[in-house]
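The chain contents come next:
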Protein chains: 2
Amino acid sequence: MADLHQQDLTTMSQQYRTNFVNSLSGFKSANIIGTISNAGQTNAAIFSSVTHLGTSPALVSFIMRPHSVERHTLENIEQTNQFTINQVDASFIKAAHQTSARYSKDECEFAQVGLKKSFIDNFKAPFVAQSQLKYAVKLQEIIPININRTLLIIGEITAVYCHNHIIDKDGYIDIESIGTVAISGLDSYHLTQRITRLSYAKPHTSLIRS
Amino acid sequence: MADLHQQDLTTMSQQYRTNFVNSLSGFKSANIIGTISNAGQTNAAIFSSVTHLGTSPALVSFIMRPHSVERHTLENIEQTNQFTINQVDASFIKAAHQTSARYSKDECEFAQVGLKKSFIDNFKAPFVAQSQLKYAVKLQEIIPININRTLLIIGEITAVYCHNHIIDKDGYIDIESIGTVAISGLDSYHLTQRITRLSYAKPHTSLIRS
């Protein structure tokens, strides 16, 4: 550890700093958020900030940046109060990444990048047909984060679609087995290799591999 | 995709549901948050919710659950307005996971689990000596999320410590090269294998591997 160095954030160029700071949080989730406007225009956008917020109720959150391309996503969610979250797997990372381009409002990312829409169980927002783990989400709250004008979007999961065979008997879903990717930085995509699952930790008790 | 099935969240047992819902967001970051109380009691706790919030200023956030073991972390942050974030690598996942046990307030997780404290540049909160990418964070805001009584803790990154050789020339940090792990579900730890980095996406333009 003798060669650890302090990196000075203040002297970095903007692009360098963007890559650098985006690497600090560790590996990120890779999900496409699918939405639809009241007029029926569909939208798909990749997000790396989807986070587990709670189990009962089942809540997820993600961060919406200010003035970014994903504002179509926000407008649609505000109109319909719903969206889909679709895990990205290795088979469609290029299409998923391409959804981050600044398409105009009347261009549908699904068609532009080659993702197939799917509509399930009368849910209005579109799912990504290619995604092997996806769910319907009902908007619960949009919390403004004033310090940098981002928004925390919170939704409740109302229906989950995945293959039965990837669910372990304790409810854990083996997302590695379907090739779900992790992101680092802004643009690096990674497959994973499980080291182990570990048992519930208790004080003064040894962990076991479960 | 013909065998995708809807999973009914309402009929699951609590433990099954906890494992299931925790798997839905995708891969999560693995970080130990280090804190110290005004009285000098140090604390370390693993979190899987550390998220990039912004680049200028450099902000990170994480979710604090209500009434959970990590409340010592919260109390310390409220007292000192600072904390450290330390990426977890494969060489100390057992110790990192063990910090989630409900130790009493006067037990220091560092000593209990076998992590070594390190104090750098007069920052009061302790770093994890073993961690190869770690940073000092100054509390900016604690936002209550009323729907499930969690808290969003937001901090600004003030100093970053890592090996120079893992930083690419564009600022991207190769966290895979230091064995940083990703988490899935509550308790599964994963190494990663880079597929590719992809160029900045523009409409109607092909992506290249960078």
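Each value, and the rule that gives it
Residues numbered from 1 in each chain as written. Chains lettered and ligands numbered in written order. Predicted model: local features only at pLDDT ≥ 70, side-chain atom pairs only at ≥ 80, totals over all residues. Heavy atoms only, no water. Helix = DSSP H or I, 4+ residues; strand = E, 2+ residues; numbered from the N terminus. Rg over C-alpha atoms; globule rule 2.2 N^0.38 Å. Buried < 20%, exposed > 50% of the residue type's maximum accessible area, 1.4 Å probe, protein only. Contact = heavy atoms within 4.5 Å. Areas by Shrake-Rupley, 256 points an atom, 1.4 Å probe, with all protein chains shown as cover. Lys, Arg positive; Asp, Glu negative; His and termini not counted. Charge placed at Lys NZ, Arg CZ, Asp CG, Glu CD. Least-squares fit on C-alpha atoms with pLDDT ≥ 70 in both. Phe/Tyr/Trp six-rings, centres within 6.5 Å; stacked < 30°, edge-to-face > 60°. Buried area = accessible area lost by both parts, 1.4 Å probe. Salt bridge = Lys/Arg side-chain N within 4 Å of Asp/Glu carboxyl O. Polar contact = N/O pair within 3.5 Å; in protein donor to acceptor, adjacent residues only side chain to side chain. Pairing = 2+ DSSP bridges. Core = buried A, V, L, I, M, F, W, Y, C linked by side-chain atoms within 4.5 Å.

(A) How the structure looks around the overall build of chain A. When helices and strands are counted, chain A shows 4 helices and 13 strands. At 19 Å, chain A has a C-alpha radius of gyration in line with the 17 Å of a compact globule built from 210 residues. Considered along the principal axes of its C-alpha atoms, chain A spans approximately 55 × 50 × 30 Å. Within chain A, buried positions represent 64% of all 210 residues. Counted over contacts in chain A with a minimum sequence separation of 6, partners at least 24 positions apart contribute 58%. For chain A, the accessible surface area stands at approximately 8200 Å², while carbon and sulfur atoms represent 48% of it. Positive and negative side-chain charges of chain A, numbering 18 and 17 respectively, have mean locations separated by a distance of 2 Å.

(B) Spatial organisation of the relation of the copies chain A and chain B. In screw terms, the move from chain A to chain B is a rotation of 180 degrees and a rise of 0.0 Å along the axis, fitting with an RMSD of 0.0 Å. Here the symmetry operator amounts to a two-fold rotation axis. When each C-alpha of chain A is compared by its distance to the rotation axis, T192 of chain A comes out closest, at 2.1 Å. Of the residues that chain A buries at the interface, 100% are likewise interface residues in chain B, meaning the two copies contact each other through the same surface.

(C) Structural detail: the packing of aromatic side chains. All names here are of chain A. Applying the stated rule across the entire model yields 10 aromatic pairs over all chains. For the ring pair F123 and F127, a centre distance of 6.0 Å and an interplane angle of 45 degrees mean the geometry is tilted. Across the pair, exposure class does not vary: F123 and F127 are buried alike. When the ring of F127 is compared with that of Y161, the centres are 5.6 Å apart and the planes differ by 80 degrees; the resulting orientation is edge-to-face.

(D) Region of the structure containing the interface of chain A and chain B. Across the contact, 107 residues belong to chain A and 107 residues belong to chain B. In total, chain A and chain B occlude about 9200 Å² of area from one another, counting both sides; carbon and sulfur atoms represent 60% of this. Three residues stand out in chain A for area buried against chain B, namely L24, F27 and L198 of chain A, and they jointly supply 8% of the buried area on that side. Linking chain A with chain B are 2 salt bridges, by the criterion used here. For D187 of chain A, the salt bridge identified is with R197 of chain B, shortest N-O distance 2.7 Å. Counting across the chain A and chain B interface gives 61 residue pairs in polar contact (both at pLDDT 80 or more). The dominant element in the side of chain A that touches chain B, judged by the number of residues it contributes, is strand β13 (residues 188–197) of chain A, at 10 residues.

(E) Spotlight on the sheet that holds strand β12 (residues 182–184) of chain B. One open sheet holds the 6 strands; their spatial order is β2(A)-β12(A)-β13(A)-β13(B)-β12(B)-β2(B), and the pairing between them is antiparallel. Edge positions in the open sheet fall to β2 (28–29) of chain A together with β2 (28–29) of chain B, since each of these has one partner strand only. In this structure, β13 of chain A lies alongside strand β13 (residues 188–197) of chain B, joined through 9 bridges in antiparallel fashion. Bridge assignment links T196 of chain A to a residue of β13 of chain B, and that residue is Y189 of chain B.

(F) Molecular detail of the pattern of salt bridges. Residues and elements named next belong to chain B. All chains considered together, the criterion is met by 11 salt bridges over all chains. Between R194 and D174 there is a salt bridge, with the nearest N and O atoms lying 2.9 Å from each other. Of this pair, R194 sits in strand β13 while D174 sits in the loop between β11 (150–163) and β12, and the two are 20 residues apart along the sequence. A relative accessible area of 28% means that R194 is categorised as partly exposed. Accessibility expressed as a relative area gives 17% for D174, which makes it buried.

(G) Looking closely at the environment of S199 of chain A. Note that S199 of chain A resides in the segment after β13. Along the sequence, S199 of chain A and I32 of chain A sit 167 residues apart, while their C-alpha atoms lie 31 Å from each other.

(H) Structural context of the nonpolar core. Among the nonpolar cores identified, the biggest contains 66 residues, and Y135 of chain A together with Y135 of chain B are the most heavily contacted of them. If we skip the residues at most four places from it in the chain, Y135 of chain B touches L24 and S25 of chain A together with V50, V60, F83, T84, I85, F127, I157, A159 and V160 of chain B.

(I) Quick peek at the environment of N164 of chain B. Inspection of the secondary structure puts N164 of chain B in the loop between β11 and β12. Among the polar contacts made by the side chain of N164 of chain B, one reaches the side chain of Q7 of chain A at a distance of 2.6 Å.

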